[in-house]
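So you can see what is in the structure, the chains are spelled out below.
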Amino acid sequence: MQDLDEFTTTDETLRQMAGTASPRLKQIGEAAVKHLHAFAREVNLTPEEWLLGIQFLTEVGQKCSPLRQEFILLSDVLGLSAVVNALHDKKARELGSQSSLLGPFYREGVAVMPMGSQIVEQPSVEEIVVWGKVTDNDGAPLAKALIQVWQTSERGQYDLQERNGESMDMRGNFLTGPDGAYHFRTVRPLGYSIPMDGPVGEMVMMQNRHGMRPSHIHCLIGAEGHRELVTALYFGDDPNIESDTVFGVSQSLVVEARQDPACPVPGLRSVHYDFRLAKAAPGETGRVGADPTKMMKAAE
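Since the structure is predicted, the reported quantities are computational estimates derived from the model, not experimental observations.

A.B. asks: Explain the layout of surface pockets to me, using residue names and the numbers behind them.
C.D. replies: Empty space among the atoms can be located by rolling a probe the size of a water molecule over them. The calculated volume of the largest pocket comes to roughly 1100 Å³. In terms of lining, the largest pocket is formed by 25 residues, of which the most central are Gly-53, Phe-56, Leu-57, Leu-74 and Leu-78. Split into classes, the residues belonging to the lining of the largest pocket amount to 19 nonpolar, 3 polar and 3 charged. Empty space within the second largest pocket amounts to approximately 230 Å³. Forming the boundary of the second largest pocket are 18 residues, of which Asp-89, Gly-96, Ser-97, Arg-227 and Leu-229 lie nearest the centre. Breaking the lining of the second largest pocket down by element, the ones donating at least two residues are helix 5 (80-90), strand 8 (229-235) and strand 11 (275-277). Per-element accounting of the lining of the second largest pocket gives the leading share, 3 residues, to helix 5. Looking at the lining of the second largest pocket residue by residue, the classes come out as 6 nonpolar, 7 polar and 5 charged.

A.B. asks: Pulling in residues and values, what's your account of the sheet that holds strand 9 (residues 254-255)?
C.D. replies: Strand order in the open sheet formed by 5 strands is 3-2-7-8-9, with mixed pairing between adjacent strands. Of all strands in the sheet, those bounded by a partner on one side alone are strand 3 (171-175) and strand 9.

A.B. asks: Residue-level account of helix 1 (residues 8-17), with values.
C.D. replies: Among all positions in helix 1, only Thr-8, Thr-10 and Leu-14 are buried. Buried positions in helix 1, seen along its axis, are confined to an arc of 155° and lie on one side of it. Exposed residues lying more than 90 degrees from the buried face of helix 1 are Arg-15 and Gln-16. If you follow the buried residues of helix 1, they end up packed against helix 2 (23-43).

A.B. asks: Explain unusual backbone geometry to me, using residue names and the numbers behind them.
C.D. replies: A positive phi is found at Asn-44, a non-glycine position, where the angle reads about 55°. With respect to the helices and strands, Asn-44 occurs in the loop between helix 2 and helix 3 (47-63). Residue Met-170 is not a glycine yet carries a positive backbone phi of 60°. Met-170 gets classed as buried once you look at its relative accessible area, which sits at 1%.

A.B. asks: I'd like a rundown of the nonpolar core, residues and numbers included.
C.D. replies: Inside soluble globular proteins, nonpolar side chains tend to come together where they are buried. Val-134, Val-149, Tyr-182, Ile-221, Leu-233 and Phe-275 are the most contacted members of the largest nonpolar core, which has 31 residues in total. When residues of this core are assigned to their parent elements, the largest contribution, 5 residues, is made by strand 8. Filtering out sequence-adjacent residues up to four positions away, Leu-233 remains in contact with Val-130, Ser-215, His-216, Ile-217, Cys-219, Leu-253, Val-255, Val-271, Tyr-273 and Phe-275. If you look at the next biggest cluster of nonpolar residues, it comprises 11 residues, including Ala-82, Ile-194, Val-200 and Val-204.

A.B. asks: Report on empty space enclosed by the protein, specifying residues and quantitative values.
C.D. replies: Throughout the structure, instances matching the rule amount to 2 cavities of 30 Å³ or more. Taken as a whole, the largest cavity spans an internal volume of roughly 80 Å³. Leu-73, Asp-76, Leu-101, Gly-103, Pro-104, Phe-105, Tyr-192, Ile-194, Pro-195, Arg-213, His-218 and Val-246 together form the lining of the largest cavity. Here the residues of the lining of the largest cavity are counted per class, giving 8 nonpolar, 2 polar and 2 charged. As a volume, the second largest cavity reaches approximately 50 Å³. Around the second largest cavity sit Arg-68, Gln-69, Glu-70, Leu-73, Pro-104, Phe-105 and Pro-195, which together line it. Across the lining of the second largest cavity, the residue classes tally to 4 nonpolar, 1 polar and 2 charged.

A.B. asks: Requested: an account of the environment of His-183, with residues and values cited.
C.D. replies: Inspection of the secondary structure puts His-183 in strand 4 (residues 181-187). Assessed through its relative accessible area of 19%, His-183 is described here as buried. C-alpha separation for the pair His-183 and Ala-18, spaced 165 residues apart in sequence, amounts to 54 Å. Aside from chain neighbours lying at most four places away, what touches His-183 is Met-115, Gly-116, Val-129, Val-130, Trp-131, Phe-174, Pro-264 and Val-265.

A.B. asks: I'd like a description of the pattern of salt bridges, backed by residues and values.
C.D. replies: Enumeration over the complete set of coordinates arrives at 14 salt bridges. The shortest N-O distance in the salt bridge between Arg-171 and Asp-159 comes to 2.8 Å. Taken together, the residues Arg-171 in strand 3 and Asp-159 in helix 6 (residues 159-162) connect sequence positions 12 residues apart. Neither residue differs from the other here; Arg-171 and Asp-159 are each classed as buried.

Cut-offs used in this document
- Residues numbered from 1 in each chain as written.
- Predicted model: local features only at pLDDT ≥ 70, side-chain atom pairs only at ≥ 80, totals over all residues.
- Heavy atoms only, no water.
- 1 Å grid on protein atoms, 1.4 Å probe; cavity = no way out; pocket = protein on both sides within 12 Å on 5 of 7 lines; lining within 4 Å.
- Points joined across faces, edges and corners; volume = space filled by probe spheres on them.
- Nonpolar A, V, L, I, M, F, W, Y, C, P; charged D, E, K, R; others polar.
- Helix = DSSP H or I, 4+ residues; strand = E, 2+ residues; numbered from the N terminus.
- Pairing = 2+ DSSP bridges.
- Buried < 20%, exposed > 50% of the residue type's maximum accessible area, 1.4 Å probe, protein only.
- Arc of directions from axis to C-beta.
- Contact = heavy atoms within 4.5 Å.
- Core = buried A, V, L, I, M, F, W, Y, C linked by side-chain atoms within 4.5 Å.
- Salt bridge = Lys/Arg side-chain N within 4 Å of Asp/Glu carboxyl O.

Below, the structure is given as structure tokens:
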């Protein structure tokens, strides 16, 4: 029997894991162990600090519920979600519109609405229109593409926060027309703070970060034979457009609401945006995240 030290413990851990049946699981597990052990050695991690880390992760898990996914939030604020998105985009056969983060507030089960519907149940501020086309990378229109959209209210909260998940609002699903066109009415969402009342928010405050996300509308778009697109449209006049706390903004996704004579609803300011979908490999998905309710059920 060999006495283990901070280096040989890594070797022995990898030896015991060597029989992992799945090659991909073996690769990921070995890399995780190597990096975790190297991290502990680099910072000379103390037992007290290790226990604080365990406590933090425990509290992150305890904060998760069918209405809140604290681990997705942690991944977002550490930039991991953005890195995974970027890696996923690099594997594409071709690049469509820029992707962004799905985030922790996506919900499945939203009904398909008639084209042009207002997605906010009781709008109390100026209505705007979001419109455009969904095409492939060659510009050919994609009919019956499913566009799922969701956003905060003009008060800066999602329905999961304002209504505790009891009903859906500020969300809509739409099918594009034969020419790939879509349009819907909404209100300008308010930029907002990520939830700061949990362990992730406490960490963000300790890092002296503002914790704010700029005003945006989430979009999840899919069409048969094409790569599902997870993205968002960001309003360029938001004061936090340059410092999104979850690193979701790309220049190509920055928009403005303005008067446009081509808008399908005359008289309203509008955001015009055409989405391009890339061709998909078999079984491919673009999602980084999930409906919190589905994740909780899967864990039961």
